[in-house]
Every structure is written in structure tokens, then in C-alpha cells.
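Observations on the three-dimensional arrangement
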Amino acid sequence: MYHPRFKGDHYGMGLRFGGLLKKNGIALFGMTELDEVQRGYGMASENIVRKFFPGACEEMRGLADGLGVSYETFSAWLLCISVCLEVQGCSMIACKREGRVVFGRNNDLPPVFRKMSSSALYAPSGGYAFIANSSAFVGAEDGINEKGLAAGMTYVWGSELKAGINSMFFVRYILERCATVAEGLKALEEIPMGGAYHLILADRGDMAHVECSPQKMRVHRGEVAVATNHFVSEEMAPCEETKDLYQSYARYKTASDAVGDGSRAVTVDNVRGILGGKRGFMCQYEKALAFDTVWSSVYDPANRKVYRAEGNPSRCRYREDVRFEKICAF
């Protein structure tokens, strides 16, 4: 993974990142292959992002200029990711006990995405500083901000395509703009959603699991949350099409059985063990599938600890990301 640092206005951060990507010859998989539906969806979603999160549009423009590509095509491509472009796996676990929360997430994608994945440290003008892990740009699959709010997403194959902010851009928005779980939930109620997905939010003493779609959303509160790539509540079932993406049910059962009522799960080591496949199938994909866990993250907001395995956690060690301890000074 790349480990860039960005500070300042959104356009400037994007321009610098675009220049780095161009210098290193990073390929933009599928950007020029959008069909008419995808391009139309992406362009309509850009209008919504511009209304609710204009800094993200400025950052996309900076990236496009740095890469030397069309902003319209580039932004449409980014806003299709995790909605109507590629299919993702991914698993999330969050547990709370006696006011302490631990949150973990595997990011599962074709191995080719290892070459373009990054764990970036951002300090945007007018927003919170944060660490964002991403297989694309601007958006993020998971991360944590200086206030101790962590967020992550998993993909669901939605039954309806409607313009809105996709899961990766919502994670980025929450990290940059929200200080608590409550603030993140308020943003989800106010901003149109593009695509179907799960979000888990966790701060120093609170957590929430949200099933999201353009039609509706369902907020789960409790001591344990597990999300893979299918909706878990009956009311959300009509909002998805394909339900068992990359053994989603098996991963969900492994995690659910392992955390139980949460009494055994609220330690970093236990969550790392579950994500690493020590309690059953989670990341042990067959090589022939050409699909793997590209990274795995575990967050302990109360103790300001972040751990990441930059590869499949059944084979790679988790290492503490010490940047988080210094994030307020960045």
C-alpha cells in the first residue's frame, strides 16, 4: 500500500495525489469503459456530491488535472465504484462492552487492487484530520479521524440504481465532517444514498450498524454488529439482488458465531483472529478465484490504537499504525 500524506485545500490535495499516481504509472481500471448507464449515473451523482460535499468534487478535479484526464469521465468513474462497476467482498465486525468499542474490517477485492491501494493521512482545510484506507481515490473503504470516530463499508448488490453518494464517499464524508456516531447517523438521514451497502460507525464509546439503500435504511443498535455482503434484516431484503457474493453467508456465520453476545469479542486480538480466519472461513479464498483480502484493519478508538495487515490477515501480520497518535499534530 501507498502511505501518502495530504494537507490543505481539496483541489491541492487532489492535484498532488494525481501527480503521484501519474509518476508511478498507476492504471485506472475501467475508467474509459463505462457504459451509457454507468456514465449517466456517475454524472447525476456528481451533482449530488457537489451539493452536499463540494470539497470532494474539488479533490476529484485536482486528481483529474494531475493525471491529465477528463474530469467528467474521472468523476463519473469514481462515483460508480462500489455501486454499478465492480463487485466487492469485505467483512466487518464491531463489538461493545462496558463502554469500549472495537471495530474491524477486511477489504476483499481482486489482487490487482493491491497496486493502487493506499492508507493516506489527510489534514484537510476546514475538516478533521483522518487516516483513510482506499482501493480508489477520494473515497475510502475504512478509516478513523482525530476525534476517534471510525467508519467502514461493505458492498451489497442493490436492486435499484439511483443517483446519490456512494458508500466510499460516505465513509470519507463521515471521517472528515463528523466527530461522533450520532453526527454520522444524522448525515446519513440527510444526504441521498447511491447504491446499497452496510456502514458501521464506531467511536470511543458508541457504535451503530446501518443497512443503506436508495429506497430506505435500517439502523441497528446493540452490543454486536456483523456485516458482509448481504442485508440481514427482512425489511431490507427487497433492496438487494444477488445475496451470496463471495461466500457472504459463510463469512457472516463465522463472524456471528465467533462474537456471540459480545462477551468474548471486545479485544483487539480476538477481532484480529476472527478476521484472520482463526474461527472459520473469513479470508481463505481459493487462489483460482482471483479474489483475496487486500488489507485488514482493526480500530480501538478509546485507546487511540489502529492496526492494519497490508495483505491477507491469515498470512500477514497486523502492525500498529502510529500515525494516528500523531494525527492531531499533522
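Right, let's walk through the structure included here. (Residues numbered from 1 in each chain as written. Predicted model: local features only at pLDDT ≥ 70, side-chain atom pairs only at ≥ 80, totals over all residues. Heavy atoms only, no water.)

**A few points about the pairing of strand β6 (residues 142–145)**
Operational definition: Accessibility here uses a 1.4 Å probe with only protein chains present; expressed as a share of the type maximum, an area under 20% marks a residue as buried, one over 50% as exposed, and anything in between as partly exposed. Under the DSSP-based scheme used, a helix requires at least four consecutive residues in state H or I and a strand at least two consecutive residues in state E, with every element numbered from the N terminus. Each pair of strands is called paired provided DSSP finds at least two bridges between the two strands.
A two-sided burial pattern is seen for β6, the buried positions comprising D142 and I144 on one face and G143 and N145 on the other. Summarising the sheet, strand β5 (residues 130–134) and β6 pair through four bridges and their orientation is antiparallel. By the bridge assignment for β6, F130 is matched with N145. Sheet topology note: the β6/strand β7 (residues 150–156) ladder contains three bridges and is antiparallel. Bridged to D142 within β7 is G152. The loop that links β6 with its antiparallel partner β7 comprises four residues; one of these, G148, has a positive phi angle of about 85°.

**Quick look at empty space enclosed by the protein**
The criterion, for reference: Within this scheme a cavity is a closed region of a 1 Å grid, computed over the protein atoms alone, that accommodates a 1.4 Å probe without allowing it to escape, whereas a pocket is open but has protein on both sides within 12 Å along at least five of seven lines; lining residues each have an atom within 4 Å of a point. Grid points are joined across faces, edges and corners, and a volume is the space filled by probe spheres set on the points.
Taken as a whole and judged by the stated rule, the model has two cavities of 30 Å³ or more. There is about 40 Å³ of room inside the largest cavity. Together, F17, S118, A120, Y122, A132, S134, F137, V138, G139 and A140 line the largest cavity. Mapped onto the lining of the largest cavity, the elements with two or more residues apiece are β4 (118–124) and β5. For the lining of the largest cavity, the element with the highest residue contribution is β4, accounting for three residues.

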